[in-house]
Structure formats: C-alpha cells, structure tokens
Amino acid sequence: MANTTSAAMPSRPRRSNGQWAVDGRAPLNPNEEFKQAGGSPLAVRERIERIYSKRGFDSIPSDDLHGRMRWWGLYTQRAEGIDGHRTGTLGPDELSGRHFMMRVRLDGAALTGEQLGVLAGISRDFARGTADLTDRQNLQFHWVEIESVPEIWRRLESVGLRTVEACGDTPRGFLLSPVAGVAADEIIDPAPMLAEIARRYLGRPELANLPRKFKTAATGHPSLDIAHEINDLSYVGVVHPRLGPGFDLWVAGGLSTSPRLGERLGAFCTEQEGPEVWYAMVRLFRDYGHRRLRNRARLKFLLADWGVEKFRRVLEDEYLGRRLTDGPAPALSVGNPDHIGVHDQKDGRRYVGLAPRVGRLSGEVLAGLADAVEVAGGARVRPTPLQKLVVLDVAPDRVTDLLARVEPLGLTARPGPFRRATMACTGIEYCKFAFVETKAAATALAAELDSRFEGVGIDPPIGLAVNGCPNSCVRIQLADIGLKGQLSRTDGGEGFAYQVHLGGGLATMGRPEAGFGRTVRGLRVTADEVADYVERVVRRYLAGRDGDE
Ligand code: SF4
C-alpha cells in the first residue's frame, strides 16, 4: 500500500552547510567569525613582530593566541606540570602553557648542511634542544617563547625555510616523495611542480581562509610513498599512453575521527598543468567546503555529499574552464616506501634511508647531521612521511663514513623491524589534546619488541602507530597495529589505556588497496600490558599467515 502520509508532508527545509558559494559568507560558528574578523588571519605576523614579541605573552589576545597564530605555525603547547588526569575535565585552551610549538613546513625540501645548521641553532638557542619530525615531513620545535619568534623567522627565511600556513585552515605543508629527483626507478619527478605551486600560491590571503586544512601530496615513485589516499589532493605518477609521464589525481582523503580514503578523479594532469589544477581545487574547497560544523568541514565531507562525478564536473566547469584528460590508475606499488637502507640513485650516487626513534631528533642530532652530510660529499637530507630521514646524493665511497657518523646520533640504516615501522605522535609531553605519553612509550615498546623478536624474520615489518588521542596524527587507522590513547573508566576509577585497531594499511608494498584497521571491541590495553599484547598478536599472525601475505 502506498504511503500517502509522507507524500502529503511538507518537505523539511534543507539545513545550510555554510558553503560560501551556496549559503553566503555569514559566519556560522566562532571559528568562522574570528577568521573573517580583522582581515586575513595571516596579518597576525605583523602584530607578533611589532607588539607581542616586544610586550610579551600576556599582550596576546585570545583570538590571536588560540586562533590566528596558527597561520604562522605557532600553537600553544601544553602547560608544564599539568596533571594528565585532568584532561577529561579541562579543554585544550585551559591546558595551554606560555610556550609555543613552532612548526616549520619543509614541503619536501632536501635540506642542505647550511639549512640543517640553522635548524640546529634554532633548536639550541630557542627550543631547549627539541626537534621532532612529523609524518607530514615537517619539523617541530617546542618551548618557543614569543619574544624569540621574529629572530627565528629571520634565521629560517635567510636559508629559504618558513612557517607560513604550517597550521590553521590553510594549504598545509606538502608531502613529496623523499626520493624525488634521485631515484633510478622514478616515473616522474614532482619536486619542480610542488615548488612552483608553493612559489605561486602560498601565503596568498585569498587562499588563507579555507573551511579547514587542505593537504597536498605528490610522488612519482613506484613505492607510492606519500600516503596518497589520505590527502585532500594527491598527484601520483603514472604514464599516460598518449601523453607520457604525468599524474593521476586523487582527492578528499583524510583520517581523524571520521576517516575516509581519497578517491581517484579519473583525471590525468601533466607537470605543467599541476599548479593550475591545485589552484582550482583549493578555490573549490574554499567556496563549497562546509563551514557550519567544524567537524564536517574537511573536503572529504564535500566529496561524500557530491560524489566523484559532480566533484570533477564542478572543478572543470567552474574553476578550470575546460575538461581534464582521462588517465590511467597507478600500478601496484613496488618496494618499501620508507626507503630505509642504501640505494642507487640514477646519477650513480647513493641515497641512504635512516631511522631515528619515532621521529625524535634534537638540535644536537641536526648539528651532527649537518656535519655528516658535508663530509658525505655535499649531500642533502629529506624527511619522509614515515618519520624517517633520507640522505641524498651520497658519494659511493662515502657511504661507510656517513653510516659511522650517524650511528652515534641515534640514526641507523639497519633498524630492527619494529623500530623501523613504529611511529608516534607528539603525545602528552606537549600536546593539549593528548591522554597519554607517546614518544617515550613507543620508543620503549619498539625496542622491547625488537629484542623479543630478534632473529625472527619479519619482512615486511609490521607497522605500529601510537597516538595520544583519537585525532590520528600518526594514522592509527592505517597501521597494522594502531594504539590510541584514551581515558579508561573502570570500577576502580579512571585511568589511561590504548584502544587497539588491527589490520589497517595503505596501498603500499604490493597491497592492492588501502583499508582501515578494525577496532577490537571492548579491548583496552594498559601501558604495562602492551608489549605482551603486541607480541601475542604478531606471533599468532606469523604462525597463521598464508604464503607471502
Ligand atoms: Fe596530539 Fe592527539 Fe595529534 Fe597525538 S594524535 S599529536 S595527542 S592531537
């Protein structure tokens, strides 16, 4: 029987998503308000240099402190001595201390000895010796005081480095294949294209108020080494049968609390078209991205709403003014995307992938690296999206010398499988969102597991990701074993534990496609139990796997 009731009901008016191109620009939440108030958020730099750095921390108004300063890579870090147990009752702003984390965006830069030396000096002089690599190839300093910021910028910019749009609702730091331009098996070198995008578009006020962050990545390497499925726009090297090498375009991936894998647009772009496509995509996001609810503002929600076909049509009709060429999908990945070990370059030199411990460096390590790369024949260093480092352009007869120099710095080209494949986010040491400590815990866990599995062949390594909260800054859903710190309430009171995700992975090392790990329902593992738990899972997996699974 037909349902006549619903036919007679007036349809409920559709609720606005706060899309500028559809609903107008009236701000619909406090974040949108501060982003529109007082001109571009980028203008905060002038106030930092002229006022705040001279008058001190207390002169910074809240909207700048907790909002606009991010547009220049500055984020207040967690206050010293705050009891972790209070995390459940205090918000991030209340947990803020009087020091800053400063993020330097590297955009895939291959750092010279001079640049490493400048970074080392900043760490030593202004950041209590800290320096961490992130999984977006950025470098983060901690303990930065507002008074030091102009001098840090001066030093960074004197060697071509910067913090502009390193955080905030902006085009964030680009991911680039760590072996771009040097690998013998590269399909296309995306470095010049990304450099051109950065030159043309970074720091432009017209692109500095996006609904949320916008992440870009590019690779031409067959290992698919830039996590292309979790960026807002990824360029993946392919060979078009008629047009030759270029890029397959992937859009709207992202993790956090509503993870979604990016999708192919089915479109091909040449290196020359790359900047124009990027500019079109960012404006599309700016104009059509959702701005009413902040937790539904990433590009992935627009793609979910529109679907790929409409997405591509709007991009072509309204922003590019032409059709994109259809193109092929990337081939199945080959090789390990971490690039650890010694490899041949196409010019006869070598590149050497090194593992720090969960991305943790220091001013001392950066200074030692600066010396080591000079001795290795003027080599350069690129961070990787897996919190590793690759030393490029090493003269073949200097490899042994380089390895001997970096080992005492805590960098190795021969890590155990767990040290090799473990990542950790910032965690409670500095992060206001964290529930648990991560860096030291992950370092100890990897060392313990490498010792327990000594002599057992684990190839490819099993990836561990240790996150301090559900924000997934080191991709908990895409690790073989993801550990997510959280509050744990039991009859005995409140404590902290890890929730476990199992079986995630990117389309790397021959895996046909990315997939999210599954939460192990009801399972909470405490820090004391975690090594035993991971050992049990890994031994069971090794005993039961099929062939080369
Ligand atoms: Fe902080 Fe959470 Fe990100 Fe870790 S995952 S750095 S705790 S926001």
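Please read all numbers here as calculations on a predicted model, not as lab measurements. (Residues numbered from 1 in each chain as written. Predicted model: local features only at pLDDT ≥ 70, side-chain atom pairs only at ≥ 80, totals over all residues.)

### Considerations on the overall build of the chain
Thinking step 1. Along its length, the chain carries 16 helices and 20 strands.
Thinking step 2. Relative to its length of 549 residues, the chain is compact, with a C-alpha radius of gyration of 23 Å against a globular reference of 24 Å.
Thinking step 3. The C-alpha extent of the chain, read off along each of the three principal axes, is 75 × 60 × 55 Å.
Thinking step 4. Scored against the burial criterion, the 549 residues of the chain give a buried share of 50%.
Thinking step 5. For the chain, the share of sequence-separated contacts (at least 6 apart) that also reach a separation of at least 24 residues comes to 68%. (Helix = DSSP H or I, 4+ residues; strand = E, 2+ residues; numbered from the N terminus. Rg over C-alpha atoms; globule rule 2.2 N^0.38 Å. Buried ≥ 20, exposed ≤ 12 C-beta atoms within 10 Å, placed from the backbone. Contact = placed C-beta atoms within 7 Å.)

### Observations concerning the site of the ligand
Thinking step 1. Every residue near the ligand is listed here: Cys425, Thr426, Gly427, Cys431, Phe433, Ala434, Asn467, Gly468, Cys469, Asn471, Ser472 and Cys473.
Thinking step 2. Residue composition of the shell around the ligand, by class: six nonpolar, six polar and no charged. (Near = placed C-beta within 6 Å. Nonpolar A, V, L, I, M, F, W, Y, C, P; charged D, E, K, R; others polar.)

### Focus on the UniProt feature "domain: Nitrite/sulphite reductase 4Fe-4S" (unreviewed entry) in the chain
Thinking step 1. As recorded in UniProt, the feature "domain: Nitrite/sulphite reductase 4Fe-4S" (unreviewed entry) lies at residues 167-322 and 418-546.
Thinking step 2. Segment residues 167-322 splits into 30% helix and 19% strand. End C-alpha atoms: 32 Å apart. (UniProt positions renumbered as here; feature names shortened; annotations may be inferred.)

### Quick look at unusual backbone geometry
Thinking step 1. Cis geometry marks the peptide bond from Asp459 to Pro460, where omega comes out at 0°.
Thinking step 2. Of note in the backbone geometry, Leu224 takes a positive phi value of approximately 50° without being a glycine.
Thinking step 3. As for its placement among the helices and strands, Leu224 is situated in the loop between β6 (216-219) and β7 (233-240).

### Focus on the packing of helix α6 (residues 113-126) against helix α7 (residues 149-158)
Thinking step 1. Axis separation between α6 and α7 bottoms out at 10 Å; the angle between their running directions is 170°. In terms of orientation, α6 and α7 fall into the roughly antiparallel class. On α7, the residues touching Val118, Gly121, Ile122 and Phe126 of α6 are Ile152, Arg155 and Leu156. (Axes fitted to C-alpha atoms, helices over the stretch in contact; angles between N-to-C directions. Parallel < 35°, antiparallel > 145°, perpendicular 65-115°, else oblique.)

### A word on the environment of Val239
Thinking step 1. With respect to the element layout, Val239 can be found in strand β7.
Thinking step 2. Each C-alpha atom, one on Val239 and one on Gly327, is 8.6 Å from the other, the two residues being 88 residues apart in sequence.
Thinking step 3. With near-sequence residues (within four places) excluded, Val239 lies in contact with Ile187, Gly244 and Pro245.

### Here we look at the sheet that holds strand β10 (residues 325-326)
Thinking step 1. Judged by pairing direction, the sheet is mixed, and its six strands sit side by side in the order β5-β6-β7-β8-β9-β10 without closing on themselves. The open sheet has two free edges, formed respectively by β5 (175-176) and β10, since each of these has just one partner strand.
Thinking step 2. When strand β8 (residues 244-251) meets strand β9 (residues 263-269), the two strands line up antiparallel, connected through four bridges. If you follow Trp250 over to β9, its bridge partner there is Arg264. (Pairing = 2+ DSSP bridges.)

### Digging into the pairing of strand β12 (residues 350-354)
Thinking step 1. A large share of β12 lies buried, amounting to five of its five residues.
Thinking step 2. Here β12 shows two buried faces, one formed by Arg350, Val352 and Leu354 and the other by Tyr351 and Gly353.
Thinking step 3. Strand direction decides the pairing type here: strand β11 (residues 341-344) and β12, joined by four bridges, are antiparallel. Bridging from a neighbouring strand, Gly341 pairs with Gly353 of β12.

### Notes on the sheet that holds strand β15 (residues 389-394)
Thinking step 1. Ordered by their spatial adjacency, four strands build an open sheet running β11-β12-β15-β14, and the pairing between neighbours is antiparallel. Two strands lie at the open edges of the sheet, namely β11 and β14 (380-383), each paired on one side alone. For this sheet the average axis-to-axis angle between neighbouring strands, irrespective of direction, equals 20°.
Thinking step 2. Contacting β11, β12 and β15, helix α13 (residues 399-406) crosses the sheet at an angle of about 20° to β12.

### Quick look at the confidence of the model for the chain
Thinking step 1. On average, residues of the chain carry a pLDDT of 92, and 95% of them reach 70 or more.
Thinking step 2. Ignoring residues within four places in sequence, the model shows residues 1-7, a span with pLDDT below 50, making zero contacts including any to other chains.
Thinking step 3. Taken over the whole predicted complex, pTM reads 0.94, whereas the ipTM for its chain interfaces reads 0.99. (pLDDT = per-residue confidence, 0-100.)

### Let's talk about the packing of helix α9 (residues 274-288) against helix α11 (residues 308-320)
The relative placement of two packed helices comes down to the angle between their axes together with the axis-to-axis distance.
Thinking step 1. α11 packs onto α9 with a crossing angle of 100° between their chain directions and a minimal axis gap of 10 Å. The pairing of α9 with α11 is recorded here as roughly perpendicular in orientation. Facing Glu276, Ala280, Met281, Arg283 and Leu284 of α9, the residues of α11 in contact are Val314, Leu315, Tyr319 and Leu320.
Thinking step 2. The residue makeup of the contact of α9 with α11, split by class, is seven nonpolar, no polar and two charged.

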